[in-house]
Structure formats: C-alpha cells, structure tokens
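Analysis of the macromolecular model
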Amino acid sequence: MSFQNLAAEQGDPSAKGSGNAATDKFKNEAVKSDTSTERAGAIYTDLLAAIGEVARKHEVTYDEYRVLKNWMIQVGEYGEWPLWLDVFVEHEIEQINYNRMGYTGTKGSIEGPYYVENAPELPWKTEMPMRDKDREATPLIFKGQVADVDGNGLGGATVELWHADEDGYYSQFAPGIPEWNLRGTIRTNENGEYEIKTLQPAPYQIPTDGPTGWFIASYGGHPWRPAHLHLRVKHPGYREITTQLYFQGGEWTENDVATAVKPELILDPQADAEGQNVVEYGFKLDKED
Ligand code: MBD
Ligand code: FE
C-alpha cells in the first residue's frame, strides 16, 4: 500500500493550492487554549492509549507505520491539516460543545477550512458578490429572520454567508476567483430580516490529488460533501452560531464525507415563476449568560 500511487490515478491539480491557502489563513488566526497541565496530561494519556489499542487490535505492521509517518509528513507539506481535521474530526468537537453549551436555538454545524472573517458588509436585502459565470447557475433566494428563542426579531444582527461556486470552488482558496466572490456579511433590518440572492451551490469534492484524497481512496471511500451554505450569525448579547444548510434530495446529503448534516439543517427550496429557487429559513439565537 502506498498513498501516492493511489493519487497518481486521480487528477485534480489544486490540492496543494487550496491546502496551503487554508493553512496560511489558519496560521493568521489567534490560537490559544487555557488548558491546564493536568487536563493536557489526561487527554494525551488517553489519546496515546487509544492509538496503542488500535495498533494492537489490528497488529499494525512496520510498513503500515512508515506509510502513516510518510502520509502525515505529506499532509503538512500539502497544507491539508485544516482540511483533514475539519472533514474527519471537527463534527465530533462541534457536537460535544453544542451539547455542553445547552443551546436551544438553531443547530450548529462545522466551520470547515474556508471561512474568512471580515467579508464586506451588505444590506438586509442584497445580492452576493458574483461573476457573470455565477449568474448562469440557478439563482437561490434565501430569506428569513434572525430572532431570539422566543421569536423576537433581532435588528442589526449579522449573517455571514460563504459558499462554493457551481464548480465547487471557494474564493480565496482556488485561483482566478475575485477575492470576496460568494462571501458577504449581511446586516438584518430592524425586524431581523434578510433576503439574499445567491446561486444554488454544487456538491464539494475534497481534492483527490492530495493526502486527504489519498487517505479516502485508500479505504475506498468517496470524497464528496453535499451542496451547502456556510453561515455564522451574530448579535451582541447572544451566542453566535456557526452552521451549514443543505438541500433536500441533494446528492451526498445522506452520506457527507464530513458527517456534518443534521435533519434540522436541510432546506427544501421551491422554484418560483422566474425559475429562481426560493427558500425561507430563520435563525434563533440563545441569549448569552
Ligand atoms: C468544505 O467545503 C467544508 O465545508 C468542509 C467542512 C470541509 C471541506 C470542504
Ligand atoms: Fe464548505
């Protein structure tokens, strides 16, 4: 077994580009945790015990150990740690913390590797920044209201929206796309409402020519995420929510490689007379305590 040989059979040139762009972005974020030495020790002890248990259970060979070591080096060189971790690990962390916080509002989902803060602000009723080629896709009107858990609208809330284009590429993580394409910070009106015109996104394929793709191919898995919208909703005094929305009947919705779909997060847009997909979806924010 060699991950590289599997990769040679595939064909997407962008793994290194998107991986390293995501790594560079993440390196610019402030990363810290106030974890105590006691807690760190407890986590590491259990983590290493779990690794040992798996190795013993499967009697991992020296060849397999060396392939793993080589693969981990490659993940770093391709800049794919944000991708691999967000696809395979983040959903567990998201669920743990959603439960621990005791949210009653809108369900969260993983952030993924392609969020960029400070997207340009847009009014409550708006169109996402897009190119002529994006206008050839099916338009999607996404509208609704940001409210507290009792349904009172939250004026001046921000809805950050980011998603892939019809080819499955994100601006700033693939070449040749305007910087803020399909990214925006929408500010709700006095009733908490928004009405956003964008395009129907396509499923997202994990790059198959990088180490995350080789990893998936090595066990015969598929590299797809269902079409999705990413959202982060904020209002002072309320807990911000990071989530994703999916599409009823869409390919891979039942079988997301990143395990990040929840039934409450599936939209069912309807075509209007002009052939636009229209869907209403509201956000409920918990009060900060
Ligand atoms: C994505 O678009 C994404 O949302 C996640 C979680 C991982 C890889 C690509
Ligand atoms: Fe995504």
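Quick note: structure is the one above.
The structure presented is a predicted model; accordingly, all values stated were derived computationally and were not measured.

Comments concerning the packing of aromatic side chains
Going through the model one piece at a time under the given rule, you end up with 21 aromatic pairs. Relative to F215, the ring of F88 has its centre 5.1 Å away and its plane inclined at 65 degrees; by these criteria the two rings are edge-to-face. Of this pair, F88 sits in helix α5 (residues 81-88) while F215 sits in helix α7 (residues 211-218); the two residues are 127 residues apart in sequence, bridging distant segments of the chain. Put simply, the rings of W71, W81, W84, F88, F215 and Y219 pair up and form one aromatic cluster. Above the face of the Y115 ring, R232 is positioned so that its terminal group lies 4.3 Å from the ring centre. For the cation-ring pair, R239 lies above Y103, with the distance from its terminal atom to the ring centre recorded as 5.2 Å.

A short note on the side chain of N181
Looking at where N181 falls in the secondary structure, it is placed in the loop between β4 (158-162) and β5 (183-187). On the basis of relative accessibility, which here comes to 5%, the residue N181 falls in the buried class. Within the local environment of N181, its side chain forms a polar contact with the backbone oxygen of P129, the two atoms lying 3.4 Å apart. Not counting the four nearest positions on each side in its chain, N181 is found in contact with P129, M130, R131, D134 and S171.

A word on the layout of surface pockets
Space inside the largest pocket adds up to approximately 950 Å³. Looking at the largest pocket, it is lined by 29 residues, and the ones nearest its centre are F26, E29, A30, V31 and E111. Looking at the lining of the largest pocket, the elements with two or more residues in it are α2 (15-27), α5, α6 (90-101), β4 and β9 (229-234). The greatest single-element share of the lining of the largest pocket, amounting to 4 residues, is contributed by α5. Partitioned by chemical class, the residues of the lining of the largest pocket number 13 nonpolar, 6 polar and 10 charged. Approximately 740 Å³ is the volume found for the second largest pocket. In terms of lining residues, the second largest pocket is bounded by 20 residues, among which V54, L68, W71, W84 and F215 are the most central. Breaking the lining of the second largest pocket down by element, the ones donating at least two residues are α3 (37-58), α4 (62-77), α5 and α7. Counting residues per element, the lining of the second largest pocket draws most heavily on α4, which supplies 6 residues. Residue composition of the lining of the second largest pocket, by class: 17 nonpolar, 2 polar and 1 charged.

Overview of α7
Burial in α7 covers these residues: P211, T212, G213, W214 and I216. Directly after α7, the chain includes G220, whose backbone phi takes a positive value near 70 degrees.

Quick look at the pattern of salt bridges
Per the counting criterion, the structure on display carries 15 salt bridges. For E121, the salt bridge goes to R187, with nearest N and O atoms at 2.7 Å. Here E121 is found in strand β1 (residues 121-122), whereas its partner R187 is found in strand β5, with 66 residues between them in sequence. Residue class for R187 comes out partly exposed when judged on its relative accessible area of 34%. Salt-bridge contacts for R225 lead to D256; the nearest nitrogen and oxygen are separated by 2.7 Å. Of this pair, R225 sits in strand β8 (residues 224-225) while D256 sits in the loop between β10 (241-247) and β11 (266-267), placing them 31 residues apart in sequence. Accessibility classification places R225 together with D256 in one group, the buried group.

What counts as what
Residues numbered from 1 in each chain as written. Chains lettered and ligands numbered in written order. Predicted model: local features only at pLDDT ≥ 70, side-chain atom pairs only at ≥ 80, totals over all residues. Heavy atoms only, no water. Phe/Tyr/Trp six-rings, centres within 6.5 Å; stacked < 30°, edge-to-face > 60°. Helix = DSSP H or I, 4+ residues; strand = E, 2+ residues; numbered from the N terminus. Lys NZ or Arg CZ within 6 Å of the ring centre and 35° of its normal. Buried < 20%, exposed > 50% of the residue type's maximum accessible area, 1.4 Å probe, protein only. Polar contact = N/O pair within 3.5 Å; in protein donor to acceptor, adjacent residues only side chain to side chain. Contact = heavy atoms within 4.5 Å. 1 Å grid on protein atoms, 1.4 Å probe; cavity = no way out; pocket = protein on both sides within 12 Å on 5 of 7 lines; lining within 4 Å. Points joined across faces, edges and corners; volume = space filled by probe spheres on them. Nonpolar A, V, L, I, M, F, W, Y, C, P; charged D, E, K, R; others polar. Salt bridge = Lys/Arg side-chain N within 4 Å of Asp/Glu carboxyl O.

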